[in-house]
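Here is how the chains run, residue by residue.
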Amino acid sequence: MESLKSRVLELRKDFPLIAGSNLAYLDNAATTQKPQCVLDAWNKYYESMNANPMRGVYELSEVATQAYEDARAAVAAFIGAASAEEIVFTRNATESLNLVAYTYGMQFLKPGDEFVVSVAEHHSNFLPWKMVAEKTGATLKCLKCEMTGEITDEALAEVITEKTKLVAVTQVSNVFGRINNIRHIADMVHAVGGVIVVDGSQSVPHMKVNVQELGADFLAFSGHKLYGPMGIGALYGRYELLEKTQPFLRGGEMIEIVHWDRVKFAEVPHKFEAGTVNAGGAVGLHAAIDYVSSIGMDFIHARELELTARTLEGMKNISGVNIIGTDEACDHNGIVTFTVDGVHPHDVASIMSADGVAIRAGHHCAQPLMDHLGVSSTSRVSLSFYNTEEEVDRFLTCLSSIRRRMGFGE
Amino acid sequence: MESKTFYSEIINDHNLHPLHKHDIEKPDIVLEGVNPSCGDDIVLQLKVKDGVITDGSYVGEGCAISQASADIMLDMIIGRTTDEAIALHDKFMNMIKGNATEEDIEELEEAGVFSEISHMPARVKCAVLGWKTVKEAIES
């Protein structure tokens, strides 16, 4: 245990914002801080490699293209894709999920078809599918979860039928932090001939993810939650699915031939990347992937579990605090959402802020889940490997003072 | 290390023990005010006779800042004319923007505790919800 911690104290020095601040940053499910190597990679791209990738035939453009395509290969290797062509760069997970909904969803779902979205999804894996249901006439079914966040076999059997063409589900809920058994759900969907779309936003940065082992047909994640820059994300799609799917946005760099009466689109994945790409962002994401890989996803996962256990242990002993989900660390994956009796979550977060602790408050872009749980909003603490025991303790000390500071008796 | 927060005794007291959080009989004006960022949702009820606010209340839920501010607001406007209530609204908004004189803040009595909210931009909408709603209600 001590060895994990001592390594973390060294790693914290890699993050300029953390090294230069007294803030306990515990909102890592919203976005993570960036290590110097990511900032340097971004800078280096613009200082010495910048030209419009895939456009020019001059050497500098080739350098830019190579850097961008190297980043694609790094993403593919990181999540276990069969080839780099299966990675489409996007702005973020939201755009990745919209891409699948607007293209694959709109193209292949028909009236009479059924498809399934879990109640615990972030709005970005719910609203695009709601739109697909409205526009295609296919029936959208709600996959319910238990109050612990668990998706049971009974719940799956209730909604997955012979008519199911697609299931969209998160690997780790941004509210519960619980890990869903994607392999199991994928097998059920595949057995009826459907595909599975996985939101990997909260899993890819915190644990080993292998899309082939999961059986994922599509998987989305954001770079900025993985210590990379904002504005770069990725969509994994199985090659044969991407190939038969129409483009999302149309324009430059996604075509082979354009005449007034005849158009041929570029090959996968370029047909999904219209317009000048975010090469600097991709290069930054590549650096972030190299960085977390050098630390090791196993170390990151173990360290975050250790901090989660300390957080939950402390929270259990504070009266008036209610944890959403179980109180076992293995069910939380770095994310603990909670309420404080009689105190609005925004007041909780404001008091935390005064004490130098950054946590999230609100509906976490998961309002259908809030309705399902019977709460209007909640507070959330979310951890990264770079957080310390002292930061967790500062959060706990503040949490134990909140009801008193809001005028409730001891 | 416990820092001093915005949650003074005045705010906590109005939040936990509001004087005006209930329905009133046959209100002349009923208007809902919503602050989507915190999910604050209040329904303001007013009785107005000959241009004077004779009674007022609110129901709903939200954060301590929104609830306390609405309660304090009602404390101040009940018994005043609608014109006076609008004038207080304007002073309150000026204070939130950091443009009020000390005299203005003094005139706002307990509502003056919200003068510091200008340092918490994320919470400004909570503090002004009651005042914004009452102005809209009077002008409707």
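In case you missed it, the structure is sitting above this.
Read on for a plain summary of the structure. Fair warning: this is a prediction, and the values are worked out from it, not measured in the lab.

If you look at the biggest cluster of nonpolar residues, it comprises 78 residues, and the most contacted ones within it are A:Leu219, A:Leu369 and A:Phe385. Tallying contributions element by element places helix α11 (residues 279–295) of chain A first for this core, with 10 residues. Looking at which domains feed residues into this core, each of domain 1 (2–30 + 296–405) and domain 2 (38–293) of chain A supplies at least three. Sequence-distant contacts of A:Leu219, that is, excluding residues within four places in its chain, are made with A:Gln171, A:Val198, A:Gly200, A:Val204, A:Val209, A:Val211, A:Leu214, A:Ala234, A:Leu235 and A:Tyr236. A:Val348, B:Cys38, B:Ala70 and B:Ala111 belong to the second-largest nonpolar core, a separate cluster that totals 68 residues.

Moving on, we come to the sheet that holds strand β1 (residues 29–35) of chain B. Residues and elements named next belong to chain B. Spatial ordering of the open sheet is given by β1-β2-β3, a layout of three strands whose pairing is antiparallel. The outermost strands of the open sheet, each flanked by one partner alone, are β1 and β3 (52–61). Adjacent strand axes in the sheet meet at a mean angle of 20° when their direction is disregarded. Pairing of strand β2 (residues 40–49) with β3, which is carried by nine bridges, proceeds in the antiparallel orientation. Residue pairing across strands places Leu46 opposite Gly56, the latter belonging to β3.

Residues and elements named next belong to chain B. The interhelical angle for the contact between helix α3 (residues 82–96) and helix α5 (residues 124–139), taken along N-to-C directions, is 155°, at an axis separation of 10 Å. Judged by the inter-axis angle, α3 sits roughly antiparallel to α5. Crossing hand, α3 versus α5: left-handed. For the pair formed by α3 and α5, the contact residues are Thr82, Ala85, Ile86, Leu88, His89, Asp90, Phe92, Met93 and Ile96 on the first element and Val124, Ala127, Val128, Trp131, Lys132, Lys135, Ile138 and Glu139 on the second. Tallied by class, residues from the contact of α3 with α5 come to 11 nonpolar, two polar and four charged.

Another point: unusual backbone geometry. All names here are of chain A. Following Val268, the chain continues into Pro269 via a peptide bond in cis, with omega recorded as 5°. As for its position among the elements, Pro269 is in the loop between β10 (262–265) and α11. A positive phi is found at Tyr227, a non-glycine position, where the angle reads about 70°. Examined against the element boundaries, Tyr227 turns out to sit in the loop between β7 (218–222) and β8 (233–237). One non-glycine residue, Cys365, lies in positive phi territory at about 55°. Tracing the sequence through the fold places Cys365 in the loop between β14 (360–362) and α14 (367–373). What makes Cys365 partly exposed here is its relative accessible area of 25%.

A word on the packing of helix α2 (residues 64–77) of chain B against α5(B). Residues and elements named next belong to chain B. Across the interface, α2 lies against α5 with an axial gap of 6 Å and an inter-helix angle of 40°. Judged on the interaxial angle alone, α5 and α2 are oblique. Considering how the two elements wind past one another, α2 and α5 form a crossing that is right-handed. From α2, Ile65, Ser66, Ser69, Ala70, Met73, Met76 and Ile77 reach across to α5, where they touch Cys126, Ala127, Leu129, Gly130, Trp131 and Val134.

Calculation rules
- Note that residues are indexed from 1 along each chain, following the sequence as it is written.
- Chains and ligands are labelled sequentially in the order written, the chains with letters from A and the ligands with numbers from 1.
- Only residues with pLDDT of 70 or above have their local features reported here, since the model is predicted, and side-chain atom pairs are shown and tallied only from 80 upward, although totals for entire chains, interfaces and linings are computed over all residues.
- Excluded from the side-chain calculation are hydrogens and water; included are all heavy atoms of the structure.
- Residues belong to a common nonpolar core when they are buried Ala, Val, Leu, Ile, Met, Phe, Trp, Tyr or Cys residues joined through side-chain atoms within 4.5 Å.
- The cut-offs for exposure are 20% and 50% of the maximum accessible area for each residue type, with area from a 1.4 Å probe on protein chains only; residues under the lower value are buried, those over the upper are exposed, and the others partly exposed.
- Strands here are runs of E lasting at least two residues and helices are runs of H or I lasting at least four, both read from the DSSP assignment and numbered beginning at the N terminus.
- For the domain bounds, the source is a domain assignment made automatically or taken from a database.
- The contact rule is simple, with two residues in contact once any of their heavy atoms fall within 4.5 Å.
- Being paired, for any two strands, means DSSP has found at least two bridges between them.
- Between N-to-C directions, angles cover 0 to 180 degrees, with each direction set by a line fitted to C-alpha atoms, over the stretch in contact for helices.
- The labels follow the angle: roughly parallel below 35 degrees, roughly antiparallel above 145, roughly perpendicular from 65 to 115, and oblique for the rest.
- Should the near helix be turned anticlockwise from the far one by less than a right angle, the crossing is termed left-handed; should it be turned clockwise, right-handed.
- Note that Gly is not counted as nonpolar here; it falls among the polar residues with everything else outside the nonpolar set of Ala, Val, Leu, Ile, Met, Phe, Trp, Tyr, Cys and Pro and the charged set of Asp, Glu, Lys and Arg.

Functional significance is not addressed by these values, which are geometric in nature.
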